[in-house]
Amino acid sequence: MAVTLRDIAAEAGVSVMTVSNVINGNRSRVSQTTIDRVQRIVEARGYVPNVSARNLAARRSHVIGVLVPVAADDSLLMSPHNVAVIGGMERALRERGYHLLLRGIADPREVSEAVQAWDLDGALLLGFLDEEIDALDLPADVPLLALDSYAAQPLATGVRTDDYQGGLLAGRLLLARGHREVLFAGPTFTDIGVVRQRFDGFRAAFVEAGIAWHDGLVASVTTTHDSGVDLGRELKARYPAVTGVFATADILAIGIIEGVTDAGGRVPRDVSVVGYDNLDIGAYVTPRLTTIAQDIGDKVAVAARMLLDAIDDPAAPRTGITLPVRVLERGSVGSPREA
């Protein structure tokens with residue numbers, strides 16, 4: 001027969017409410033001696049709390065959704081950046097007693113439905129375009145946080161790195177090494193969003209230095225390793241004067257390095273490559289990838305804390321935050337004079 005709160009209370013010589021407070025962490029009015037006694041009995045008797053009943057009483061599900069846009073034939077875990085974010089978020093939520101629900105969203109209009117259908121306490125939007133987030137009809141009573149977003153949506157708090165500064169640092173680095181014909185490689189972008197910020201920062205480095213840069217030196221590619229490989233293989237044929245590339249994601253930059261090598265070139269002798277993210281894999285390719293480094297672990301920890309704080313205090317202001325980036329210089333950037 002399953003052990004109940006009443007059984008624990010009888011053995012400890014305290015009320016059922018006291019046992020409930022100890023188990024649920026409401027211990028401000030319970031002595032340490034009582035807490036220790038109840039915990040010893042709970043462990044000895046193998047008591048397992050009824051999570052459903054506890055959540056119902058608290059009017060919470062203790063479930064946070066991570067919602068990711070996905071095509072019908074894609075995997076949610078194709079992006080190493082997303083894998084790092086999801087892993088870090090699960091750990092941060094677990095430490096606070098919450099569970100993570102990972103859900104692929106084929107149509108952005110399904111976001112509101114998913115939040116309500118799964119009775120989520122809150123949700124993290126990962127990988128949605130800012131235009132998509134701004135167009136969402138979101139529930140006002142469920143805290144939502146959009147990662148890597150500049151959306152104006154008032155019901156979704158944004159947490160991102162300083163993407164403009166990241167682009168600026170990449171441009172400055174390549175210019176300092178003597179590169180003048182430099183390719184910007186990333187997904188198609190509009191007037192807002194992460195990629196736009198990185199592009200504007202990158203271009204600003206040339207303006208700052210008084211050096212002309214041609215807007216035509218932009219390669220619109222998907223943020224995948226395969227797209228990088230294809231671009232790297234065709235680089236000299238399509239952009240013969242280019243000596244440096246700034247890729248808006250490490251996984252794309254790593255593909256470019258592989259493609260250049262496949263085509264008989266060498267990095268950085270023939271072309272220098274800068275990525276963005278500081279994924280672990282960048283340290284294991286040859287040459288090791290120079291990147292605009294963000295602290296993904298810190299970004300996820302901040303996002304988790306802000307989301308859970310919003311659940312605890314729905315009336316608190318929802319203010320976005322921008323986190324710093326830095327240059328992590330390794331072997332994939334050199335001088336064009338070394339060619």
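Read on for an overview of the structure.

Rules used in this analysis
- Residues numbered from 1 in each chain as written.
- Predicted model: local features only at pLDDT ≥ 70, side-chain atom pairs only at ≥ 80, totals over all residues.
- Heavy atoms only, no water.
- Phe/Tyr/Trp six-rings, centres within 6.5 Å; stacked < 30°, edge-to-face > 60°.
- Helix = DSSP H or I, 4+ residues; strand = E, 2+ residues; numbered from the N terminus.
- Buried < 20%, exposed > 50% of the residue type's maximum accessible area, 1.4 Å probe, protein only.
- Contact = heavy atoms within 4.5 Å.
- Axes fitted to C-alpha atoms, helices over the stretch in contact; angles between N-to-C directions.
- Parallel < 35°, antiparallel > 145°, perpendicular 65-115°, else oblique.
- Left-handed = near helix turned anticlockwise from the far one by under 90°.
- Nonpolar A, V, L, I, M, F, W, Y, C, P; charged D, E, K, R; others polar.
- Core = buried A, V, L, I, M, F, W, Y, C linked by side-chain atoms within 4.5 Å.
- Expected span 1.5 Å × (residues − 1).

**Looking at the packing of aromatic side chains**
Counted by the stated rule, this structure contains 10 aromatic pairs. Ring geometry for Phe184 against Phe199: centres 5.2 Å apart, planes inclined by 80°, an arrangement best described as edge-to-face. Linking Phe184 in strand S6 (residues 182-186) with Phe199 in helix H9 (residues 194-209), this pair joins segments that are 15 residues apart in sequence. For Phe184, a relative accessible area of 1% gives the class buried. For the pair Phe202 and Trp213, a centre-to-centre distance of 5.4 Å together with 90° between the ring planes defines the contact as edge-to-face. Taken together, the residues span a long stretch of sequence, with Phe202 in helix H9 and Trp213 in the loop between H9 and strand S7 (218-220) at a distance of 11 residues.

**Considerations on the side chain of Thr157**
The topology assignment puts Thr157 in strand S5 (residues 156-161). Not counting chain neighbours up to four residues away, the residues in contact with Thr157 comprise Leu144, Leu145, Ala146, Met306, Arg318, Thr319 and Gly320.

**A look at the packing of helix H5 (residues 80-95) against helix H12 (residues 296-312)**
Their axes nearest at 9 Å, the elements H5 and H12 cross at an angle of 45°. With respect to their mutual orientation, H5 and H12 come out oblique. Between H5 and H12 lies a crossing whose hand is right-handed. Two secondary-structure elements touch here, H5 through His81, Ala84, Val85, Gly88, Met89, Ala92 and Leu93 and H12 through Ile296, Lys299, Val300, Ala303, Ala304 and Leu308. Of the residues assigned to the contact of H5 with H12, the class counts are 10 nonpolar, two polar and one charged.

**A look at the nonpolar core**
Grouped together as the largest cluster of nonpolar side chains are 43 residues, with contacts concentrated most on Leu183, Phe246 and Ile256. Of all elements in the fold, only helix H8 (163-176), S6, H9, helix H10 (225-238), strand S8 (244-247), helix H11 (250-262) and strand S9 (272-277) reach the threshold of two or more residues within this core. With near-sequence residues (within four places) excluded, Leu183 lies in contact with Leu217, Val218, Ala219, Leu231, Leu235, Tyr239, Val242, Gly244, Val245 and Phe246. By size, the runner-up hydrophobic cluster in this structure holds 24 residues, among which are Tyr98, Leu145, Leu147 and Ile296.

**As for unusual backbone geometry**
Peptide bonds are mostly trans, and most non-glycine residues show a negative phi. Pro268 follows Val267 through a cis peptide bond whose omega is 10°. The topology assignment puts Pro268 in the loop between H11 and S9. Between Thr286 and the following residue, Pro287, the backbone shows a cis peptide bond with an omega angle of -5°. Even without being a glycine, Asp148 presents a positive backbone phi close to 55°. Inspection of the secondary structure puts Asp148 in the loop between strand S4 (144-147) and S5.

**Digging into H8**
Here H8 is 14 residues long and its end C-alpha atoms lie 20 Å apart, about the 20 Å a rise of 1.5 Å per residue gives. Summarising burial for H8: 10 of the 14 residues are buried, a large majority. Looking one or two places after H8, you find Gly178, whose phi comes out positive at around 100°.

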